[in-house]
Amino acid sequence: MVRAHFTIRLGNASLPASAAQWVEDVEAARSTARTIVQGLMRQHGGDPRLMEAAMVITDDDGATLLEMSFFDALYLPVEPVADADRRRPRAPRKAAPLGLTAALGPVRRLAGALGMRAPSLSGR
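Fair warning: this is a prediction, and the values are worked out from it, not measured in the lab. (Residues numbered from 1 in each chain as written. Predicted model: local features only at pLDDT ≥ 70, side-chain atom pairs only at ≥ 80, totals over all residues. Heavy atoms only, no water.)

This next bit is on the overall build of the chain. A tally of regular secondary structure across the chain gives three helices and five strands. Each helix (α) and strand (β) of the chain, taken in turn from the N terminus, gives the series β-β-β-α-β-β-α-α. Sorting the 124 residues of the chain into buried and exposed places 21% on the buried side. For the chain, restricting intrachain contacts to residue pairs at least 6 apart in sequence, the fraction spanning at least 24 positions comes to 48%. Accessible surface computed for the chain: about 9,900 Å², of which carbon and sulfur atoms make up 57%. (Helix = DSSP H or I, 4+ residues; strand = E, 2+ residues; numbered from the N terminus. Buried < 20%, exposed > 50% of the residue type's maximum accessible area, 1.4 Å probe, protein only. Contact = heavy atoms within 4.5 Å. Areas by Shrake-Rupley, 256 points an atom, 1.4 Å probe, with all protein chains shown as cover.)

Right, dumping it as structure tokens:
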């Protein structure tokens, strides 16, 4: 367990985002930081300067555990969770091979359409 301190850095200014909190490890701190950033963006998302901000996570001694830009916190894809109960996607079915008659159908329709137009194209 690590006691993590979350601080927002915007330009030269730093302000605490919340009180320190115990987390399991650095990955749990990353997840908590993403949650804080998402909450801040819901409240203050109209301010474009926030996209230049960063969340700095330190331990009790002040050592930096992690630094994450607000942009990364909002837009980095989430890793998929392995879930044994989740249905697996089915492989696409292969189309049955077309017989020669079926394959020639569009060609016959085109030839028929052109044959019908031919007299009208000649003007007679």
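Among the nonpolar cores identified, the biggest contains 18 residues, and Phe6, Ile8, Ala33, Val37, Met55, Ile57 and Phe70 are the most heavily contacted of them. Of all elements in the fold, only strand E1 (2–10), helix H1 (26–44), strand E4 (54–58), strand E5 (64–69) and helix H2 (70–75) reach the threshold of two or more residues within this core. Leave out the neighbours within four places in its chain, and Ile57 touches Ala4, His5, Phe6, Ala29, Ala33, Ala63, Thr64, Leu65 and Leu66. (Core = buried A, V, L, I, M, F, W, Y, C linked by side-chain atoms within 4.5 Å.)

A word on the pairing of E1. Note on strand geometry: in a regular strand, side chains alternate between the two faces of the sheet. Note: E1 against strand E3 (residues 21–23), three bridges, orientation antiparallel. Its bridge partner lying in E3, Ala4 is registered against Gln21. The pairing of E1 with E4 spans five bridges and is classified as antiparallel. When the bridges of E4 are listed, Phe6 appears paired with Ile57. (Pairing = 2+ DSSP bridges.)

What follows deals with the environment of Ile36. Examined against the element boundaries, Ile36 turns out to sit in helix H1. Since its relative accessible area comes to 17%, Ile36 is described here as buried. Spatially, the C-alpha atom of Ile36 lies 8.9 Å from that of Phe6, the residues being 30 residues apart in sequence.

Right, let's talk about H1 for a bit. Note: α-helices contain 3.6 residues per turn, so residues at a spacing of three or four share the same orientation. With 19 residues, H1 extends 26 Å between its outermost C-alpha atoms, agreeing within 8% with the 27 Å of an ideal straight helix rising 1.5 Å per residue. Of all the positions in H1, only Ala29, Thr32, Ala33, Arg34, Ile36, Val37, Gly39, Leu40 and Met41 are classed as buried. Where H1 is buried, its residues meet E1, E3, E4, E5 and H2. Among the residues of H1, the N-terminal cap falls to Asp25, whose side-chain oxygen and the backbone nitrogen of Glu27 are separated by 3.2 Å. (Expected span 1.5 Å × (residues − 1). Polar contact = N/O pair within 3.5 Å; in protein donor to acceptor, adjacent residues only side chain to side chain.)

With that settled, the discussion passes to the confidence of the model for the chain. The predicted model of the chain has a mean per-residue pLDDT of 76, with 57% of residues at 70 or higher. pLDDT under 50 marks residues 117–124. Its contacts with residues more than four places away, or in other chains, come to one contact. (pLDDT = per-residue confidence, 0-100.)

So, about the pairing of E5. Of the pairings in the sheet, the one linking E4 to E5 comprises five bridges and is antiparallel in character. Bridge assignment links Ile57 to a residue of E5, and that residue is Leu66. A loop of five residues connects E4 with E5, the two strands running antiparallel in sequence, and Gly62 in this loop sits at a positive phi of about 90°.

Here the focus is the pattern of salt bridges. The tally for this structure, following the rule as stated, stands at three salt bridges. Between Glu67 and Arg9 there is a salt bridge whose closest N-O contact spans 2.7 Å. Of the two residues, Glu67 sits in strand E5 while Arg9 sits in strand E1, which places them 58 residues apart along the sequence. Judged by its relative accessible area of 31%, Arg9 is partly exposed. We note a salt bridge from Glu27 to Arg30, for which the minimum N-O separation is 3.3 Å. Taken together, the residues span about one helical turn, with Glu27 and Arg30 both in helix H1 at a distance of three residues. Since its relative accessible area comes to 49%, Glu27 is described here as partly exposed. A residue is classified by how much of its surface remains accessible, and Arg30, at 31% relative accessible area, is partly exposed. (Salt bridge = Lys/Arg side-chain N within 4 Å of Asp/Glu carboxyl O.)

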